[in-house]
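# Overview (structure and organization)
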Amino acid sequence: MFRRWLLLFLLMLLGAGAAKAQVRVTGNISDATTRKPVPGASVVIQRNRQGVLANPEGDFSISAARTDTLIFRAVGFKPQRLPLGGTGLSQLIVQIKLQQDTVQLGEVRVTEGRPDRAAINKALRNIKRPSTAPTSAVKRPPAPKPLFPVDSTAPKAPTPTIGSPISLIYEQFSREGKQRQKMIEIQAQENAEKARQARQKYNKNFKDNRGYE
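In this text the structure is predicted, and so the values were computed from the model without any measurement. (Residues numbered from 1 in each chain as written. Predicted model: local features only at pLDDT ≥ 70, side-chain atom pairs only at ≥ 80, totals over all residues. Heavy atoms only, no water.)

## Here we look at helix α4 (residues 175-203)
Over its 29 residues, α4 extends 42 Å from the first C-alpha to the last, a length consistent with the 42 Å expected when each residue adds 1.5 Å. Buried residues of α4: Glu176, Gly177, Arg180, Met183 and Asn203, and no others. (Helix = DSSP H or I, 4+ residues; strand = E, 2+ residues; numbered from the N terminus. Expected span 1.5 Å × (residues − 1). Buried < 20%, exposed > 50% of the residue type's maximum accessible area, 1.4 Å probe, protein only.)

Rendered as structure tokens:
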């Protein structure tokens, strides 16, 4: 009875040792159709998700347990599994041929002409419009200085003619024209006052000067 238990215990130890034993797996990964190497293909151990990448020539090398399963993946190819199956070898050389995977596109609808009204309205709503709110921080520019001093003699106004009516409009609505008209009115008042004073001075020499008034 004791021998049987001892034998069972030894078998369990051998099985655990075999499970923990490592095998070195090396090989090459290539395209099954073109037979060209697949650089950058991943080799992952399914049990612990550890893995390596193939070099530019498609070669790889990885250590795994004898009972592990290796998974080979690459973009554009179908994944492939390689169960080691508890091999008793310490090193294993394999050649992996990956099959190209076809990608199917969903339904694509092509329409002619202008886009529908809903798409146009959505695009218009997404357009950022400039804000029209007044900004309190905006400073007004200083008032423009006159082209000539106010107390000096204004330049002669342009003579309005039928051929050039723009001079008449300029004289009526421009700042310079208004200043010029004001100067003319002041000069007219001064001339009238001087004439009145001259008449008074002259009429003082006559006893009856009602006719001159």
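## Some points on the pairing of strand β5 (residues 69-73)
Across the five residues of β5, four count as buried, placing the element largely inside the fold. Direction of pairing for strand β2 (residues 42-45) relative to β5: antiparallel, over a ladder of four bridges. Residue pairing in the sheet places Ile45 in a bridge with Leu70 of β5. Relative to strand β6 (residues 80-83), β5 is paired through four bridges, and the arrangement is antiparallel. Of the residues in β6, the one forming a bridge with Leu70 is Leu82. The hairpin turn running from β5 into β6, its antiparallel successor, is six residues long, and Gly76 in that turn takes a positive phi close to 90°. (Pairing = 2+ DSSP bridges.)

## Observations concerning the sheet that holds strand β7 (residues 91-98)
Overall, mixed pairing links the three strands, which are arranged β4-β1-β7 in an open sheet. Each end of this open sheet is capped by a strand with a single partner; those strands are β4 (59-65) and β7. Strand-to-strand twist of the sheet, defined as the mean angle between neighbouring strand axes without regard to direction, takes the value 30°. Relative to β4, strand β1 (residues 22-31) is paired through seven bridges, and the arrangement is antiparallel. Across the sheet, Asn28 pairs through a bridge with Asp59, a residue of β4. (Axes fitted to C-alpha atoms, helices over the stretch in contact; angles between N-to-C directions.)

## So, the pattern of salt bridges
As enumerated under the stated definition, the model contains two salt bridges in all. Arg47 is paired through a salt bridge with Asp68; the nearest N and O atoms lie 2.7 Å apart. Of this pair, Arg47 sits in the loop between β2 and β3 (51-53) while Asp68 sits in the loop between β4 and β5, and the two are 21 residues apart along the sequence. A residue is classified by how much of its surface remains accessible, and Arg47, at 53% relative accessible area, is exposed. Taking the shortest distance from any N to any O, the salt bridge between Glu193 and Arg196 comes out at 2.6 Å. Of this pair, Glu193 and Arg196 both sit in helix α4, three residues apart, which is roughly one turn of the helix. (Salt bridge = Lys/Arg side-chain N within 4 Å of Asp/Glu carboxyl O.)

## Re the sheet that holds β6
Hydrogen bonding along the main chain pairs the strands of a sheet, whether they run parallel or antiparallel. Taken in spatial order, the four strands make up an open sheet running β3-β2-β5-β6, and their pairing is antiparallel. The open sheet terminates on both sides in strands that have one partner only, identified here as β3 and β6. Strand-to-strand twist across the sheet, computed as the mean angle between neighbouring axes with direction ignored, equals 20°. In terms of strand pairing, β2 meets β3 through three bridges, oriented antiparallel. Note on β3: the bridge partner recorded for Val44 is Gly51.

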